[in-house]
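Below, each chain spelled out in residue letters.
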Amino acid sequence: MFGAGGGTSSYQEVREAADLIVLWGSNAREAHPIWFHHLLKAVHRGARLIVVDPRRTTSAQWADLWLGLDVGTDIPLANTIGREIIHAGLVNDEFVGRATSGFEEYREAVEPWTLEEGERVTGVPADAIRELAHAYATAERAQLCWTLGITEHHNGADNVFALINLSLLTGQVGRYGAGLQPLRGQNNVQGGGDMGALPNKLPGFADVADDEARGRFERAWGATIPPKPGLHLSGMFEAMEHGDLRALYVVGENPAQSEADGQRTARLLGGLDHLVVQDIFLTKTAELADVVLPASATWCEAEGTVTSSERRVQRVRKALDPPGEARDDLEIVYELGRRMGHDLGSPNAEHVWNELRSLSPLHAGMSYARLEELGGIQWPCFDESHPGEQFLHARLWDPVVEKRAPFTPVEHDPPVDLLDDDFPIRLTTGRRLESFNTGVQSGNFSSPLHRNGSALRLAPEDGARYGVTDGGRALVVSRRGKVEAPVVYDTTLRPGLAFMNLHFPDEVATNELTIDAVDPKSGTAE
């Protein structure tokens, strides 16, 4: 956000300072339970919680206010909130005038979104929209938090812009306790992006198109780096479809079961000339591979670092040797380099980290010794006397702001799959507290917590309408495929909305149903 690829605030600010927390498109109680404990401490302290989600989730059950919007109407809701803030005279005019740009264009874009129109499109009562708008604008310190419920849409980037616009409108960013929190989808996603696991970035978010930044890495690595961005995950599958990508090296990922439109995914992976998988389990993707490289469990069998959603870098320490012929991921990469004619040196995690520090100004001050001493450091940390930044964008409160934060007007674009007589129910997917992603790490043991894990969850009214019984089984059909699943009635769902998860694909392959529509800006599938 505003040039930095991470959340603006620390967990401490949520826990100790925020007086309002808006959780939008996130069931953090189940998907981010550690972070949710920080949120609960804020609630017990007296902070107000407002949840925006199509389902009345276990997170929403802790909320003072729940806005149950229709799937895919986040932009109409955000634009309606923005218009209400403007018309109620609650804009932070001083902040907007000094620190932002594009306000008039934004005002014009949201003008059609009256409370009545917002209610008609989103399904959220106008009074609830007004209450959220006024609460957010008048809070002393508000945190606006979101996760995959915002980003996993064909217009996910625009959804994020719609939320950022609200923070600019009210000045709820760049101050202690006031900020924006994109909660990462799983452990160390933040760290992966920080290290350059993005198609257009080098480590430390250096842009591959920036000649000066790219040259710094080329000199260190003794190699030429293409200035053109590479492919994101969805782009890779498109390239497979067109025959432009014929070999794939998959590290710690199970796309055969995690990608949308599972039948297409299996066909494309199976059609590659060469597939290499590096993982700690023989996943469904690994079963398709020509070569499988058994790797280490990085949380206990390797040295290194991990970075959380609050940008905090912490040490990971090796406790055990990898079993059998499994090897540290770093050793595998170095050995592959050697066999391909490139001696990368000794596979020492601290040496690799120090190289990163020499190339990424954001991490320059984070020696292993300081990470140990301080129990982790938040980037940016520019030198070894710098404590790290607890929150970002304080510059927006300087008397003169050289680089202003832009408003980004966005328009409503409904879900690609439209409801009709043949497909009258909207399916949404999500996570459960006890399970993880495609179940590779959490599904191979028996537990009473797995009960009804593979079920199709329906509102009781829909069960009665379509003759589907609670505890029975149903054939679930989408425009792409069909699966048979057990049925559970769920009173947290409104009629017309169904819910499934992706944790038990061997029992119910939910991704046989999902769509592979992609956001052209972020590459995220809907």
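Sequence positions are assigned chain by chain, starting from 1 and proceeding in written order. Thresholds applied to this predicted model are a pLDDT of at least 70 for local features of residues and 80 or more for the giving and counting of side-chain atom pairs; totals over whole chains, interfaces and linings are not thresholded and use all residues. Think of the side-chain values as coming from all heavy atoms in the structure, minus any hydrogens and water.

## Here we look at helix H15 (residues 262-270)
Because each turn of an α-helix spans 3.6 residues, side chains separated by three or four positions end up pointing in the same direction.
Argument step 1. Working definition: with a 1.4 Å probe on protein chains only, accessible area under 20% of the residue-type maximum means buried, over 50% means exposed, and in between means partly exposed. Each helix is a run of H or I in the DSSP string that is no shorter than four residues. Each strand is a run of E no shorter than two, and both are numbered from the N terminus. The complete set of buried residues in H15 reads Gly262, Arg264, Thr265, Leu268 and Leu269. Each buried residue of H15 sits inside an arc of 160° when the element is viewed along its axis, so together they form one side.
Argument step 2. On its buried side, H15 packs onto helix H13 (233-242), strand E9 (247-251), helix H14 (255-258) and helix H16 (284-287). Summarising the geometry, the arc corresponds to the directions from the helix axis toward the C-beta atoms. Pairs of residues are marked as contacts when any of their non-hydrogen atoms sit within 4.5 Å.

## Considerations on the packing of helix H4 (residues 74-87) against helix H6 (residues 103-110)
Argument step 1. Only the stretch in contact is used when fitting a helix axis, every axis being a line fitted to C-alpha atoms; angles between N-to-C directions are given from 0 to 180 degrees. The contact between H4 and H6 brings their axes to 9 Å, and the two run at 110°. Between H4 and H6, the angle is such that the two are roughly perpendicular. Every pair of crossing elements has a handedness; the one defined by H4 and H6 is left-handed. Across the interface between the two elements, Ala78, Asn79, Gly82, Arg83 and Ile86 from H4 touch Phe103, Tyr106, Arg107 and Val110 from H6.
Argument step 2. All amino acids are sorted into three groups, where Ala, Val, Leu, Ile, Met, Phe, Trp, Tyr, Cys and Pro are nonpolar, Asp, Glu, Lys and Arg are charged, and the leftover types, Gly among them, are polar. Each residue belonging to the contact of H4 with H6 can be placed in one class, and the counts come to five nonpolar, two polar and two charged. What sets the label is the angle itself: under 35 degrees gives roughly parallel, over 145 gives roughly antiparallel, 65 to 115 gives roughly perpendicular, and the rest give oblique. Definitions for this section: a left-handed crossing has its near helix turned counterclockwise from the far helix by less than a right angle. A right-handed crossing has that turn clockwise.

## Remarks on the environment of Ser26
Argument step 1. Structurally, Ser26 is set in the loop between strand E1 (20-24) and helix H2 (28-31).
Argument step 2. On the basis of relative accessible area, Ser26 is assigned to the buried category, the value being 0%.
Argument step 3. When the C-alpha atoms of Ser26 and Ser358 are compared, they prove to be 36 Å apart, with 332 residues separating the residues in sequence.

## Digging into a nonpolar patch on the surface
Argument step 1. Distance thresholds for patches are 9 Å for like charges and 5 Å for nonpolar side chains (Val, Leu, Ile, Met, Phe, Trp, Tyr), applied to residues having over 30% relative accessible area and no salt bridge. Under the convention used here, a 1.4 Å probe and the Shrake-Rupley method define accessible areas, while residue burial counts only the protein chains that appear. A carboxyl oxygen of Asp or Glu within 4 Å of a side-chain nitrogen of Lys or Arg is what we treat as a salt bridge. Together, Tyr249, Val251, Val333, Leu336, Met340 and Leu344 make up an exposed nonpolar region whose accessible area comes to about 550 Å².
Argument step 2. Elements with a contribution of two residues or more to the nonpolar patch: E9 and helix H17 (329-339).
Argument step 3. Among the structural elements, Tyr249 can be located in strand E9.
Argument step 4. Note on Tyr249: relative accessible area 39%, which makes it partly exposed.

## As for the pattern of salt bridges
Argument step 1. If you walk through the whole model with that rule in mind, you get 35 salt bridges.
Argument step 2. Across the salt bridge formed by Arg107 and Glu104, the nearest N and O atoms sit 3.2 Å from each other. In this pair, Arg107 and Glu104 both sit in helix H6, three residues apart, roughly one turn of the helix.
Argument step 3. Looking at Glu104, the relative accessible area reads 47%, which means it is partly exposed.
Argument step 4. The network of salt bridges with shared partners includes Glu241, Arg264, Arg267 and Asp516.

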